[in-house]
Amino acid sequence: MKDVAVIEDPAAAEASLDPIRVRLLAELAEPNSATMLAAKIGLPRQKVNYHLKTLERHGLVELVEERRKGNVNERVMRATAASFVISPTALASVAPDPSRSPDRLSARWLLALAAQLVRDVGTLITGASQARKKLATFAVDAQVRFASAADRAAFAEELSAAVAALVSKYHDETAEGGREHRLVLAVHPAVPRTVSPQSDEEA
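Small disclaimer: the values here were computed from a predicted structure and weren't measured. (Residues numbered from 1 in each chain as written. Predicted model: local features only at pLDDT ≥ 70, side-chain atom pairs only at ≥ 80, totals over all residues. Heavy atoms only, no water.)

1. Here's the deal with the sheet that holds strand β2 (residues 32-33)
Consider a sheet: its strands pair through backbone hydrogen bonds, and that pairing is either parallel or antiparallel. Cut-off, in case you're wondering: Only strands joined by at least two bridges in the DSSP assignment are considered to pair. To qualify as a helix, a DSSP run of H or I must reach at least 4 residues; to qualify as a strand, a run of E must reach at least 2; elements of each kind are numbered from the N terminus. What makes two residues a contact is simply this: any of their non-hydrogen atoms within 4.5 Å. Lines fitted to the C-alpha atoms define the axes, with helices restricted to the stretch that makes contact. Angles between their N-to-C directions range from 0 to 180 degrees.
Ordered by their spatial adjacency, three strands build an open sheet running β2-β4-β3, and the pairing between neighbours is antiparallel. Across the chains shown, the open sheet's two edge strands, defined by having one partner strand only, are β2 and β3 (61-69). Bridge analysis of β2 against strand β4 (residues 72-79) gives two bridges, and the strand direction is antiparallel. When the sheet's bridge partners are listed, Ser 33 is paired in β4 with Val 76. Together, β3 and β4 form the strand contacts of helix α4 (residues 45-57), whose direction differs from that of β3 by roughly 135 degrees.

Here you go:
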């Protein structure tokens, strides 16, 4: 089982969003049969089987084993990943495009960048999995408390300058066999994890 799987197919995305199937995917972090799942979530086994077949058809669950129980063969299923992310690729015709309005102070532009990041990394993960290769990535996650809006603005300027200097230092347009990498940095108000997100000023 993968830690995270990216859903790129529109039909698979639609199938995964059904509330019952979401519950089944959560329950299938550990192998379970339709009979056991039916008892857990309070639905008829036939209905659970229907949803499992739909999830299996889209590669969201997989067969772990098949065993004889009485007069029937019981299929034990498991989710193909512990968690799932739906890529903007699944909504390609309406996916956000950061090139349309490149405003680095806009929260909506930040959202478009984040969507592009999910799309691109999802594509890379899929390709690396198919090729059975590792994917080299790097990420930084930090939290900073600014004393004032002025400090936040100064931080953004210093960060921009530092990144520009590093990019200028290491970027080699003429390197044979070199591979381009994408760097995305974001600063936004932290969202408390114990309460529902509330509106805040744009970062």
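Let us keep going from here.
2. Observations concerning the side chain of Arg 21
The line we're drawing: Buried, partly exposed and exposed residues are distinguished by accessible area as a fraction of the type maximum, computed with a 1.4 Å probe on protein chains only: under 20%, between the cut-offs, and over 50%, respectively. By the counting rule applied here, Lys and Arg register as positive and Asp and Glu as negative, while His and the ends of each chain are not counted. Each reported salt bridge corresponds to a side-chain nitrogen of Lys or Arg within 4 Å of a carboxyl oxygen of Asp or Glu.
Positionally, Arg 21 belongs in helix α2 (residues 19-27). No salt bridge forms around the buried Arg 21; measuring N to O, its nearest opposite-charge neighbour Asp 18 is 4.5 Å away.

3. Considerations on the confidence of the model for the chain
Our working definition: The predictor attaches a confidence to each residue, and that confidence, scored 0 to 100, is pLDDT.
Mean pLDDT over the chain stands at 89; residues scoring 70 or higher make up 95%. Overall, residues 196-203 carries pLDDT values under 50, and its contacts beyond four positions in sequence, including any with other chains, amount to 13 contacts.

4. Notes on the pairing of β4
For β3 and β4, the ladder comprises eight bridges, and the chain directions are antiparallel. The residue bridging Arg 67 from the neighbouring strand is Glu 74, located in β4. Between the end of β3 and the start of β4, which pair antiparallel, lie two residues, with Gly 70 showing a positive phi angle near 70 degrees.

5. Some details on α2
The α-helix winds at 3.6 residues per turn, so residues separated by three or four positions along the chain end up facing the same way. This is how the line gets drawn: What the arc describes is the spread of directions from the helix axis to the C-beta atoms. N or O atoms within 3.5 Å of each other form a polar contact, as long as, within protein, one can give a hydrogen and the other can take it, and as long as residues adjacent in sequence are counted only when both atoms are side-chain atoms.
Here α2 has its buried residues at Arg 21, Leu 24 and Leu 25. The arc enclosing the buried residues of α2, seen along the axis, measures out at 100 degrees, which places them on a common side. Exposed and facing more than 90 degrees away from the buried side of α2 are Pro 19 and Ala 26. Of the residues that open α2, the one with a side-chain oxygen 2.9 Å from the backbone nitrogen of Ile 20 is Asp 18.

6. With respect to the side chain of Ser 16
As for its placement among the helices and strands, Ser 16 is situated in helix α1 (residues 10-16). Of the polar contacts made by the side chain of Ser 16, one reaches the backbone oxygen of Ala 13; its length is 2.8 Å. Setting aside anything within four residues of it in sequence, one finds Ser 16 in contact with Ile 7, Val 22, Leu 60 and Ile 86.

7. Quick look at the packing of helix α3 (residues 34-41) against α4
For clarity, the cut-off: For classification purposes, angles smaller than 35 degrees are called roughly parallel, those larger than 145 roughly antiparallel, those between 65 and 115 roughly perpendicular, and all remaining angles oblique. For a crossing to be left-handed, the near helix must be turned anticlockwise from the far one by less than a right angle; the clockwise case is right-handed. As a working rule, the residues Ala, Val, Leu, Ile, Met, Phe, Trp, Tyr, Cys and Pro are called nonpolar, Asp, Glu, Lys and Arg charged, and the rest polar, with Gly in that last group.
Relative orientation of the contacting elements α3 and α4 amounts to 115 degrees, with a least axis distance of 9 Å. By the angle class used here, α3 and α4 are roughly perpendicular. By crossing handedness, the relation of α3 to α4 is classed as right-handed. Contact residues: α3 offers Ala 34, Thr 35, Leu 37, Ala 38 and Ile 41, while α4 offers Arg 45, Val 48, Asn 49 and Leu 52. The class makeup of the residues in the contact of α3 with α4 is six nonpolar, two polar and one charged.

8. Quick notes on the packing of α2 against α3
For the pair α2 and α3, interaxial distance at closest approach is 11 Å and the crossing angle is 115 degrees. Read as a crossing pair, α2 and α3 show a hand that is right-handed. Of α3, the residues touching α2 (which contributes Arg 23, Leu 24 and Glu 27) are Leu 37, Lys 40 and Ile 41. Residue composition of the contact of α2 with α3, grouped by class: three nonpolar, no polar and three charged.

9. Describing the pattern of salt bridges
Close approach of charged atoms lets side chains of opposite charge pair. Under the criterion given, the structure shown has seven salt bridges. The shortest N-O distance in the salt bridge between Arg 75 and Glu 56 comes to 3.0 Å. Linking Arg 75 in strand β4 with Glu 56 in helix α4, this pair joins segments that are 19 residues apart in sequence. On the basis of relative accessibility, which here comes to 27%, the residue Glu 56 falls in the partly exposed class. One salt bridge in this structure joins Arg 67 and Glu 65, with 3.6 Å as the shortest N-O distance. With a relative accessible area of 32%, Arg 67 lands in the partly exposed category. Residues participating in the shared-partner salt-bridge network are Arg 23, Glu 27 and Lys 40.

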